[in-house]
Amino acid sequence: PSAVLATGTQAAGKSTIGRMLAKHFRAGAYVEGDLMWQLIVSGRVDMTPQPDPEAIRQLHLRYRNGAMLVDSLISAGFTAVPADIILVDDLNRSIDWVKASPLRVVVLAPDPKVVAQRELRRGSDAYRNWMASGQELEDAVRDFHSAIESTPKIGLWIDSSHQTPEET
């Protein structure tokens, strides 16, 4: 039992890869960051380029709760695969919140142009808070992608731009 954290930007493939990876283990569990985000059903404050302090507090609550769930799954004999957007200084913080070991980190870092294409194909509005007036989706993705560039180079980094999920 251990953990493999899958992180990256929105539409990088974290959920797809995380779920597929968890299935490879004899006893694998997938911890979806979006479900952790949905726990707050009233009073949720989402992240933006200039986040409200409450948004940061709720984001860290999500990460801590995810870490506790990962620890619980590991103690029950599962290999846990959490997948969430955990970037910049939050990556080290989140690694510290997971008490069980080993914890491996996989950062999916496809090209911003590819991420924008994926986002359009899936019909999501995940970048809505990152689009300034008059900005195109690709501009917002590029702005958000700067967080990847500021993230500590921990673990395995994969440019999955031209890979199928199976290849990744």
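Here's what I pulled together on the structure shown here. (Residues numbered from 1 in each chain as written. Predicted model: local features only at pLDDT ≥ 70, side-chain atom pairs only at ≥ 80, totals over all residues. Heavy atoms only, no water.)

## Considering the overall build of the chain
The condition is simple: Helix and strand definitions here come from DSSP, where helices need a minimum of 4 consecutive H or I residues and strands a minimum of 2 consecutive E residues; each element is numbered from the N-terminal end. The rule is simple: take the accessible area with a 1.4 Å probe, protein chains only, and divide by the maximum for that residue type; under 20% is buried, over 50% is exposed, in between is partly exposed. Here, two residues are considered to be in contact whenever any of their heavy atoms come within 4.5 Å of each other. Under the convention used here, a 1.4 Å probe and the Shrake-Rupley method define accessible areas, while residue burial counts only the protein chains that appear.
For the chain, the count of helices and strands is six helices and five strands. In sequence order, the secondary structure elements of the chain are arranged as β-α-β-α-α-β-α-β-α-α-β. Referenced to the eigenvectors of the C-alpha coordinate spread, the extents of the chain come out at roughly 50 × 40 × 30 Å. Counting every position in the chain, which comprises 168 residues, the buried fraction comes to 44%. Restricting to contacts in the chain with at least 6 residues of sequence separation, those with at least 24 account for 75%. By element, 52% of the accessible surface of the chain is carried by carbon and sulfur atoms, the whole surface being about 9100 Å².

## Quick look at the pairing of strand β3 (residues 79–83)
Short version of the rule: The pairing criterion for strands is at least two bridges between them, as found by DSSP.
Judged by how many residues are buried, β3 sits mostly within the fold: five of five residues are covered. Looking at chain direction, strand β1 (residues 3–8) and β3 are connected through two bridges and run parallel. Residue pairing across strands places Ala6 opposite Ala83, the latter belonging to β3.

## Things to note about the pattern of salt bridges
Our working definition: Counted as salt bridges are all cases of a side-chain nitrogen of Lys or Arg within 4 Å of a carboxyl oxygen of Asp or Glu.
Counting across every chain of the model gives eight salt bridges. In this structure, Glu138 engages Arg142 in a salt bridge whose closest nitrogen and oxygen atoms are separated by 2.9 Å. Of this pair, Glu138 and Arg142 both sit in helix α6 (residues 137–149), four residues apart, which is roughly one turn of that helix. According to the relative accessible area criterion, Glu138 is partly exposed, its value standing at 28%. Judged by its relative accessible area of 41%, Arg142 is partly exposed. Put simply, Glu138, Asp139 and Arg142 are held in one network by salt bridges that share partners.

## Structural notes on the packing of aromatic side chains
Put simply, the rule reads: Here the aromatic set is Phe, Tyr and Trp, taking the six-membered ring for Trp, and pairing holds for ring centres within 6.5 Å; pairs whose planes are under 30 degrees apart are stacked, those over 60 apart are edge-to-face, and all others are tilted. The criterion is that NZ of a Lys, or CZ of an Arg, lies within 6 Å of the ring centre and within 35 degrees of the ring normal, and then a charge sits over that ring.
All told, the structure shown has one aromatic pair when counted by the stated rule. Seen in terms of ring centroids, Tyr127 and Phe144 are 5.6 Å apart; in terms of plane orientation they differ by 90°. Their pairing is edge-to-face. Of this pair, Tyr127 sits in the loop between α5 (112–122) and α6 while Phe144 sits in helix α6, placing them 17 residues apart in sequence. Phe144 shares its class with Tyr127; the two are buried. Note that Arg44 overlies the ring of Trp37, its terminal NZ or CZ placed 3.9 Å from the centroid. Seen from the ring of Trp97, Arg64 lies directly overhead, with NZ or CZ sitting 5.5 Å from the centre.

## Quick word on the environment of Ala22
Within the fold, Ala22 resides in helix α1 (residues 14–23). Separated by 23 residues in the primary sequence, Ala22 and Val45 have C-alpha atoms spaced 30 Å apart.

Shape descriptors only; they carry no functional weight alone.
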